[in-house]
Amino acid sequence: MAKRPRLTPSDLDARLKFTLGLILGTILLFTTMGILYALIFVTQPIGEQSENDKMFFNVLGSVATFITGALAGILMKSGARAVSNNSTEVTEDGEEE
């Protein structure tokens, strides 16, 4: 059986970000589907929303906000690192290195 080469730290980082993105995206999808199901198919009292449903939506909204922020943070960190790696350094003379 042939041994696979060791993964570099950047490969491991990419796999970790991909896995986290999939997991958080899946959680966000199910949260959104749960909210939509509760809004569309669950019978509400006429004229107002029940107290339990208000609390349920507040909790799910907080979870969705947190996960969206976490996904945005992961993507922003990746983008900032890519930009900093591709930028060229300029010396004091104004010449690029």
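Below is a summary of the structure that appears in this document. All figures in this text were calculated on a predicted structure; none of them were measured in a lab.

What counts as what
Along each chain, residues carry numbers from 1 onward, in the same order as the chain's sequence is written. Two thresholds apply to this predicted model, a pLDDT of at least 70 for residue-level local features and 80 or more for giving and counting side-chain atom pairs, whereas whole-chain, interface and lining totals are computed over all residues. Note: side-chain values were computed over all heavy atoms of the structure, leaving out hydrogens and water. Aromatic rings from Phe, Tyr and Trp, taking only the six-membered ring of Trp, are treated as a pair when their centres fall within 6.5 Å; an angle between ring planes under 30 degrees marks them as stacked, one over 60 as edge-to-face, and anything in between as tilted. Here a helix means four or more residues in a row that DSSP labels H or I, a strand means two or more in a row labelled E, and each is numbered from the N terminus. Each residue is assigned to one of three classes by its accessible area relative to the maximum for its type, calculated with a 1.4 Å probe on protein chains only: buried under 20%, partly exposed between the two thresholds, exposed over 50%. A patch is a set of surface residues, each over 30% in relative accessible area and not in a salt bridge, joined within 9 Å for like charges and within 5 Å for the nonpolar side chains Val, Leu, Ile, Met, Phe, Trp and Tyr. Areas reported as accessible are Shrake-Rupley estimates using a 1.4 Å probe. Residue values count occlusion only from the protein chains shown. When a carboxyl oxygen of Asp or Glu lies within 4 Å of a side-chain nitrogen of Lys or Arg, that pair is called a salt bridge.

## Section: the packing of aromatic side chains
- By the definition in use, this model includes 1 aromatic pair.
- When the centroid spacing of 5.4 Å and the interplanar angle of 40° are considered together, the rings of tyrosine 37 and phenylalanine 41 count as tilted. Pair noted here: tyrosine 37 and phenylalanine 41 are both in helix α1 (residues 9-41), with a separation of 4 residues, about one helical turn. Comparing tyrosine 37 with phenylalanine 41, the two get one shared label, exposed.

## Looking at the side chain of threonine 31
- Secondary-structure assignment places threonine 31 in helix α1.
- A relative accessible area of 9% places threonine 31 in the buried class.

## Comments concerning a nonpolar patch on the surface
- Together, Leu29, Met33, Leu36, Tyr37, Leu39, Ile40, Phe41 and Val42 line one region of the surface with nonpolar side chains, adding up to about 830 Å² of accessible area.
- Relative accessible area serves as the criterion here: at 57%, isoleucine 40 is assigned to the exposed category.

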